[in-house]
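# Topology and contacts: notes
Residue-level listing of the chains:
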Amino acid sequence: MTATTQLTLEQVQELARSPKRAAEQAVNLLATFQSTDEEVRAWASDALVAIESIPAHLVPDVVDATGAPDDVVVCSACKLLAKAEDAATAQQAVCDVLASERSGAVRTEAARALDKFSELTDESITALQDAAQGSDARLAHIAQRTLDNS
Amino acid sequence: MRSIPFYPMMVLLLIGLGGYLGCDPGSLKLPFDTSALTGGDTITSVSSLPARDGERLLLGSFNLERLGPSKLSEPTTMERIAKVIQQFDVIALQEITSKDQTTLPQLLKWVNRSGRKYDYVISERIGRAASGYYEQYAFVFDTERVNGGKEYCYVVQDDLDVLHREPFVGRFQTKGRYPFGFTLINIHTDPDEIKYELDVLADVFINVRSFEHPEDDVILLGDLNAGPGKLQRLEQIRNFVPLIHAPTNTRGTKTLDNIMIDTQSTVEFTGRSGTINLEEMFRVDLAGAEDISDHLPVWAEFSFNETPTSVSAMAGAAGRTRR
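Values in this document were obtained by computation on a predicted structure and should not be read as measured data.

## Side note on the overall build of chain B
For chain B, the count of helices and strands is seven helices and 17 strands. For chain B, the proportion of its 323 residues judged to be buried stands at 58%. At a minimum sequence separation of 6, the contacts of chain B that also span at least 24 residues come to 74%.

See the structure below:
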């Protein structure tokens, strides 16, 4: 994985106003979610929202981030992968998060992210169906919503 | 604690509900004429905002773009935010992003420096742990002209977490001769989820209105992340219209913020609404305006007094009939 750097408040504020530069810094933005400063994390989230697509060469690093121990990093990585140019690889990674043993909140974000892909793979559909039948009401609701929308 | 299940997914939760602020009918007074809704006045200086007097009430909404420790440490920015707030009787604020709960008290110190008597109510911290941060909503109001308080506010409960930031509802009433009571729904949608959130907000509005009955002046305001024509089911509610049609981001490219009213119920609306151009108000460039926020404040003018919709022609009947 490429070495990453946590960004400063000023840097994330600048990226929040520059979607193209934010896309180039996507991996560092993900690292920034490990900051202990909530204001920094909020601005990092704004920068991520502003990104319209992430280039294919960054997808492997963002996929790696879905294995991070920090839930916020994983959720943010899933959101970013929904904007990846390499949709196939990206969707597989998000599907893996949904099918994993991670917390309900993380899996719910993965289900939300899958909703952003224009076409779902059979594996994603199966993972969503399993989630929609599960005992986590919030996850089940979002998974079913994603299935209904596909 | 009163709660009403109004939709399979949501239940309104009242936090410390106090009494409903009633309205005392009095002698007849003709309503203001409401001109055709244009939603497009852009105010470039404080002097051209509608005056707040015994006849007019000014409501607003302002996304403060991450009001937290870093903005609090910038005196010029805080002065300017305070100056904006001072133009309003009640203003709904979004994006208060700070663990430190002295943020709003510090802001109010700026607002009240010149002897003003504004107060505020603030929501709990709202959001999802998975996003890494939380936000708070607030209402700031001029206590010399408006009654309000935390006992009249609540956050909409959302058991299935379909809304990223559940709306904050607040009831207010003017201190006019015929007090105008109204309920505000303060909202900041998630731009990644508006496809779903706008439709859910339509249900929120309908059910808050039902819950607040007989109060029928329910106004939804805030950062919707969508403009007129793209508000989905919100715009399909009969007579429920967005008042703002001009761009509301500081760069002047998108309409994200709005104030929505039911034009049949809220006849107190005078027909005047718009945005405040921060660059021209403070004579700064775009960067200077973006230091304040990436959103412009939006405003709408209402009658300060409750407006009757019917007059009894029978001798001996009450002078004012409330809807």
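## Remarks on the packing of helix α8 (residues 104–114) of chain A against helix α10 (residues 137–149) of chain A
All names here are of chain A. Axis separation between α8 and α10 bottoms out at 9 Å; the angle between their running directions is 10 degrees. It follows that α8 is roughly parallel to α10 by the angle criterion. For the pair formed by α8 and α10, the contact residues are Arg-107, Thr-108, Ala-111, Arg-112 and Leu-114 on the first element and Arg-138, Leu-139, Ile-142, Ala-143, Arg-145 and Thr-146 on the second.

## Quick notes on the nonpolar core
Residue and element names in this part refer to chain A. Leu-29, Ile-51 and Leu-98 are the most contacted members of the largest nonpolar core, which totals 56 residues. Sort the elements by how many residues they give to this core and helix α6 (residues 71–81) lands first, with eight residues. In contact with Leu-98, not counting residues within four places along its chain, are Arg-107, Ala-110, Ala-111, Leu-114, Ala-127, Leu-128, Ala-131 and Leu-139.

## Remarks on the interface of chain B and chain A
Taken together, the contact between chain B and chain A spans 32 residues of the former and 25 residues of the latter. Of all residues in chain B, Ala-130, Asp-192 and Tyr-196 of chain B give up the largest surface area on contact with chain A, accounting jointly for 23% of the area buried on that side. Where chain B meets chain A, there are eight salt bridges. Here chain B and chain A share 14 residue pairs in polar contact (both at pLDDT 80 or more) between them. Taken together, the elements giving at least two residues each to the side of chain B that touches chain A come down to β4 (56–67), α1 (69–72), β8 (133–142) and α4 (194–212) of chain B.

## Topic: the state of the cysteines
Throughout this description, disulfide means a covalent bond between two cysteine sulfur atoms. Across all of its chains, the model carries zero disulfides over all chains by this definition. Unpaired in terms of disulfides, Cys-95 of chain A finds its nearest cysteine sulfur in Cys-78 of chain A, a separation of 10 Å.

## Describing helix α7 (residues 87–98) of chain A
All names here are of chain A. Taking 1.5 Å as the rise per residue, α7 with 12 residues should run 16 Å; its terminal C-alpha atoms sit 16 Å apart, in good agreement. For α7, every residue scored as buried is listed here: Ala-90, Gln-91, Ala-93, Val-94, Cys-95, Val-97 and Leu-98. Contacts from the buried residues of α7 go to α5 (59–65), α6, α8, α9 (122–132) and α10.

## Things to note about α4 of chain B
Helix length check: α4 of chain B (19 residues) gives 25 Å between terminal C-alpha atoms against 27 Å at 1.5 Å per residue, within 8%. Most of α4 of chain B is tucked away, with 14 of its 19 residues classed as buried.

## A word on the layout of surface pockets
Of the pockets and cavities examined, the largest pocket occupies roughly 1,100 Å³. If you trace the largest pocket, you find 41 residues lining it, with Ala-16, Asp-46, Val-49 and Ala-50 of chain A together with Lys-254 of chain B closest to the centre. When residues of the lining of the largest pocket are traced back to their parent elements, those giving at least two are α4 (38–50) and α6 of chain A together with β4 and β8 of chain B. When grouped by side-chain class, the residues that make up the lining of the largest pocket number 13 nonpolar, 11 polar and 17 charged. Its volume calculated, the second largest pocket comes out at about 360 Å³. Of all the secondary-structure elements, those providing two or more residues to the lining of the second largest pocket are α8 of chain A together with β7 (126–128) and β10 (153–158) of chain B. Here the lining of the second largest pocket takes five residues from α8 of chain A, the largest share from any one element.

Cut-offs used in this document
- Residues numbered from 1 in each chain as written.
- Chains lettered and ligands numbered in written order.
- Predicted model: local features only at pLDDT ≥ 70, side-chain atom pairs only at ≥ 80, totals over all residues.
- Heavy atoms only, no water.
- Helix = DSSP H or I, 4+ residues; strand = E, 2+ residues; numbered from the N terminus.
- Buried < 20%, exposed > 50% of the residue type's maximum accessible area, 1.4 Å probe, protein only.
- Contact = heavy atoms within 4.5 Å.
- Axes fitted to C-alpha atoms, helices over the stretch in contact; angles between N-to-C directions.
- Parallel < 35°, antiparallel > 145°, perpendicular 65-115°, else oblique.
- Core = buried A, V, L, I, M, F, W, Y, C linked by side-chain atoms within 4.5 Å.
- Buried area = accessible area lost by both parts, 1.4 Å probe.
- Salt bridge = Lys/Arg side-chain N within 4 Å of Asp/Glu carboxyl O.
- Polar contact = N/O pair within 3.5 Å; in protein donor to acceptor, adjacent residues only side chain to side chain.
- Disulfide = S-S within 2.5 Å.
- Expected span 1.5 Å × (residues − 1).
- 1 Å grid on protein atoms, 1.4 Å probe; cavity = no way out; pocket = protein on both sides within 12 Å on 5 of 7 lines; lining within 4 Å.
- Points joined across faces, edges and corners; volume = space filled by probe spheres on them.
- Nonpolar A, V, L, I, M, F, W, Y, C, P; charged D, E, K, R; others polar.

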